[in-house]
Each structure stands twice: as structure tokens, then as C-alpha cells.
Amino acid sequence: MTRGAKRKTTHKDEAFKEPTQPIEENEKNEPSQSAEGSKDEQRKPAEKNYIELNEPAPEEPSTKVDEEPNKKAAKGRAKRTKTLKPEAEEEYFPDKRNLEDLWQQVFPVGTEWDQLDMVYQYNWNFSNLEDAFEEGGLLYNQKVYLFGCTEPQLVSFRGQGKVTMIPVVVAVVSPFPPSDKIGIKSVQRETEEILPMKQMKMDWVPYIPLENRDSQVERLKSQIFILSCTQRRAGLKHLKLERVKKFEYCLPYFYQPLQEDEFEQSTVVQILFPIDPKPVFCEFDWELDELEEFTDKLIEEEELSADQKDAFKDFLKEKVREAKKANREAREARRKALEEMSAETKAAFENMKFYKFYPVSTPDTPDVSGVKAPFINRYYGKAHKVL
């Protein structure tokens, strides 16, 4: 009995210590087997003692082993639920069209800087422009140069009339850029300027469709070029007011040497006579208007004071001389250009086409179908087709 009691006491001590420290943890703490024996050898006497004393072995280790698979299964179920969530969300985000942002990439030349936000307040749809580049379309497989502009018009939207800045895209079908110059002209400006595009930070750049954005640009043979401007609105505060206004008076310039420009033969001159308190704005036709009578009428209408009559007449005569000289120079330049023009270039000018694109009607944008017009600007004249 003494030996049995001793064995019972030893068993209780081991049974009490073993569940509080699992076997796995002991193995981590013991890098190698001790002199008392391996793990299997240590467990055999304990199993024998449980049988002899008719005492059940503690169930904590087996319970812990059963809980681990349950936790793993729960984690597996949670992960499967997360993978299903994005798949359901993708159904609500259709793929973008290949040329969907084309109209937004084209700079709206001549638009006042503080009006730009009004241009993009609506999600305008230019799917008609996109379709024109598809097979069978007006612009399919052709080299095209695009520039933008805006037209403020009173249109109705959801039953309410509102002046809206309507974006317009003009497409020029040509084997070479239609011009590398920009015209600067407005009623408020005395003179017209024709400047290189780069002087106004503008240039023709290739447009990269969405599906090719990851490709190397130099390897692409782009057929679409857009008029882009690198001047940023944030940098305007560092510019003089006159420079800022120049951007707002810009017009894409084009010169057609094969036909006489109506402005070259115009006999009308724009007059801006700078006097206080209010300058005189008027148009004078040197073939139809008589100078003395024209001046007296301005005085009668109180647009001009009597003591300014002689100064105004001298000013007007000088402007007429300048206009006549400009017309002569333009005619001479056109004649010289025609003489030096190659047959290939001449054919290109003859086949050059202008297409004017307005946004299509959608439930989320104003309907502009009633305000479409073929006129582009004073240099390009009218479009061959309005879409």
C-alpha cells in the first residue's frame, strides 16, 4: 500500500500540472529532449496510473483541439463572404467608353476662366462624336484635329429657362494641322493680333484613347489630335490682367488660301475711340459712310462731344488707312502662297472639312437641339455639317 499510495500521490501531482501547460507549449520551451526521456516516454506512466486508479483523464486538451477546427471553419466562412461583396458592386459600374473623355480633353478656346466650372456642371454626352470615329462614321480612319469652344445660350432644363455655357467640339479633317496660330480679337480691343499658338501655351497634341493609356505614346500612330493649353488656372494670379484677358479673347485661327477672305475685302472698320468718361464704339464703312455726316451724328446722339470732333475724325482716318493697307497685304500674301503651293497641299485645302459637334440630349442635360448653328468663328466661317 505504501508503494500504491506513493504512486497515487505522484499521479495527482502530474495530473494537476499537465493540463495547465499544454504539450505543445512545453515543446516550444524545450529545444531538445531532456535526460528524463522523450515526450512519449513521459506520457506512458501517466496513462497507466489513470487506468489503475479508475480516474478519467482531464478532457481540456481534447476540447482545445476540437475548438481549433471550429475557429478555422468560421474564418473560412468569413473570407468567402467578403469575396462575394465586390462582385455584387461591380455590376453598378459599367466600363467607360474608349473615347468618353475626348470632349473634356479638348481645351474650350476663348472661354472666360471664371466660366469654366459652368461648362462642366453637367455630364454632357458626346456619343455622336465618339460614334463618328467608329467604322462607317464621318471621321473613321481619317486624321482629325479637334478644338473646343463654348456658346452661351438660353435653353430649357427641367421646365426652367437658364443661360447655359454649351460646350462645342469642332473637328477639322486634314492631313496636316489647319493652323499653328491663334487670333486675338474682341469688340473691346482696338487691334487684332495673330500670334503663334505656343505664345499662348497652346499646341496640337495626340489624344490617347482610354484603352491605350498604358501603352508607350511614341509607339502609337494617333489619328486624333486635340488643341491643348498648358496654362493652369492656379497660375493666373501671377499674370498681368492684360495677359489673362488675352486667353479669353482667343479664337482658333485658320487661313484658306484658295478662297478670298470676306474680311480681306471688307470696307468696314471697327472704331474704339478712347476718351473720358466713356469711349466711343462704332463701325465705319468707308464706301457707304461720309466722314463729316457720320461724326455729326455721333455728336447729335451725345456719343461724342463737339470739342472732340476733329480728334475723332483724325483717329478714324488713320484706322481706315490701316484697314486698307491690311487688305492689300492679305491679298498679296494669298497670291504668293498660291504660287508657291504644291499640288498635294492644294488638294488638301480643297478637301478639308469642318464638322461641328453639339452634345446629344440626355435626361440629365439641357436640350440644345434648338440652338445649333453652323457658324464656327470669324476665321473658320461655317461648318460643312452640324451634328
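Here, the structure is the one placed above.
Residues numbered from 1 in each chain as written. Predicted model: local features only at pLDDT ≥ 70, side-chain atom pairs only at ≥ 80, totals over all residues. Heavy atoms only, no water.

Student: How should I be thinking about the overall build of the chain in this particular structure?
Tutor: Check the secondary structure of the chain and you find 11 helices and 13 strands. Across the chain, contacts joining residues at least 24 apart in sequence account for 67% of those joining residues at least 6 apart. Counting every atom, the chain has about 25,900 Å² of accessible surface; 49% of that belongs to carbon and sulfur. (Helix = DSSP H or I, 4+ residues; strand = E, 2+ residues; numbered from the N terminus. Contact = heavy atoms within 4.5 Å. Areas by Shrake-Rupley, 256 points an atom, 1.4 Å probe, with all protein chains shown as cover.)

Student: Is there a simple way to think about the pattern of salt bridges in this case?
Tutor: Charged atoms that come close allow side chains of opposite charge to pair. Applying the stated criterion across every chain yields a total of 11 salt bridges. Between Asp180 and Lys181 there is a salt bridge, with its nearest N and O atoms 3.4 Å apart. Assessed through its relative accessible area of 49%, Asp180 is described here as partly exposed. Across the pair Glu332 and Arg335 runs a salt bridge, and its minimum N-O distance is 2.3 Å. Placement of both Glu332 and Arg335 in helix H10 (residues 309-340) is noted, with a separation of three residues, approximately one turn of the helix. Through salt bridges with shared partners, a single network forms among Glu292, Asp296, Lys309 and Lys313. (Salt bridge = Lys/Arg side-chain N within 4 Å of Asp/Glu carboxyl O. Buried < 20%, exposed > 50% of the residue type's maximum accessible area, 1.4 Å probe, protein only.)

Student: Explanation requested: the packing of helix H9 (residues 291-300) against H10 in the structure shown.
Tutor: Geometry of a packed helix pair, given as the angle between the helix axes and the separation of the axes. Two elements in contact, H9 and H10, have axes whose closest approach is 11 Å; the angle formed by their N-to-C orientations is 130°. As far as their axial angle goes, H10 and H9 are oblique. Between H9 and H10 lies a crossing of right-handed hand. Two secondary-structure elements touch here, H9 through Leu291, Glu292, Phe294, Thr295, Asp296, Leu298 and Ile299 and H10 through Lys309, Phe312, Lys313, Leu316 and Lys317. (Axes fitted to C-alpha atoms, helices over the stretch in contact; angles between N-to-C directions. Parallel < 35°, antiparallel > 145°, perpendicular 65-115°, else oblique. Left-handed = near helix turned anticlockwise from the far one by under 90°.)

Student: Got a minute to help me understand empty space enclosed by the protein in this structure?
Tutor: One simple way to see leftover space: roll a probe sized like a water molecule over the atoms. Scanning the model with the defined rule gives two cavities of 30 Å³ or more in all. The space that makes up the largest cavity amounts to roughly 70 Å³. The wall of the largest cavity is formed by Trp103, Val106, Pro108, Val119, Tyr120, Gly148, Cys149, Thr150, Pro167, Val168 and Val169. Counting only elements with at least two residues in the lining of the largest cavity, the list comes to strand E1 (144-157) and strand E2 (160-173). Residue composition of the lining of the largest cavity, grouped by class: nine nonpolar, two polar and no charged. Of the volumes computed, that of the second largest cavity is approximately 30 Å³. If you trace the second largest cavity, you find it lined by Phe107, Pro108, Val109, Gly110, Thr111, Trp113, Leu116 and Phe247. (1 Å grid on protein atoms, 1.4 Å probe; cavity = no way out; pocket = protein on both sides within 12 Å on 5 of 7 lines; lining within 4 Å. Points joined across faces, edges and corners; volume = space filled by probe spheres on them. Nonpolar A, V, L, I, M, F, W, Y, C, P; charged D, E, K, R; others polar.)

Student: Teacher, can you tell me more about the pairing of E1 here?
Tutor: Both faces of the sheet carry side chains from a regular strand, because those side chains alternate between them. Buried residues dominate E1, accounting for 10 of its 14 residues. Where E1 meets strand E6 (residues 224-229), three bridges bridge the pair, whose relative direction is parallel. Counted as the bridge partner of Tyr145 is Phe225 from E6. Both E1 and E2 contribute to a ladder of 14 bridges, which runs antiparallel. Following the sheet pairing, Gln153 is matched in E2 by Thr164. (Pairing = 2+ DSSP bridges.)

Student: Looking at this structure, I do not really get the environment of Gln105. What am I missing?
Tutor: If you trace the backbone, Gln105 turns up in helix H5 (residues 102-105). Taking the relative accessible area as the measure of exposure, Gln105 reaches 40% and is therefore partly exposed. Placed 124 residues apart in sequence, Gln105 and Cys229 show a C-alpha to C-alpha distance of 9.9 Å. Not counting residues up to four positions away in its chain, the partners in contact with Gln105 are Tyr207 and Ile226.

Student: Where do I start with helix H8 (residues 241-248) in this structure?
Tutor: An α-helical turn contains 3.6 residues, so any two residues separated by three or four positions project in the same direction. Buried residues of H8: Val244, Lys246, Phe247 and Glu248, and no others. Packing partners of the buried residues in H8 comprise strand E3 (181-184), strand E4 (193-196), strand E5 (202-206), E6 and strand E7 (250-252).

Student: Help me understand the sheet that holds E5 in this model?
Tutor: Picture the strands of a sheet paired through backbone hydrogen bonds; they go either parallel or antiparallel. With mixed pairing, six strands are arranged side by side in an open sheet as E5-E6-E1-E2-E10-E13. Each of the sheet's edge strands pairs with one partner strand only, and the pair in question is E5 and strand E13 (385-386).

Student: For this particular structure, what's the right way to read the nonpolar core?
Tutor: The biggest cluster of nonpolar side chains holds 32 residues, and the ones touching the most others in it are Phe147, Val172, Met202 and Tyr380. Of all the secondary structure elements, the ones that give two or more residues to this core are E1, E2, E3, E5, E6 and H8. Per element, the largest residue contribution to this core is three residues, and it comes from E6. Those residues in contact with Tyr380 that lie beyond four places of it in its chain are Phe147, Val172, Pro178, Pro252, Tyr253, Phe254 and Phe354. Core analysis: the next-biggest nonpolar cluster, separate from the first, contains 29 residues, Phe126, Leu139, Val144 and Val168 among them. (Core = buried A, V, L, I, M, F, W, Y, C linked by side-chain atoms within 4.5 Å.)

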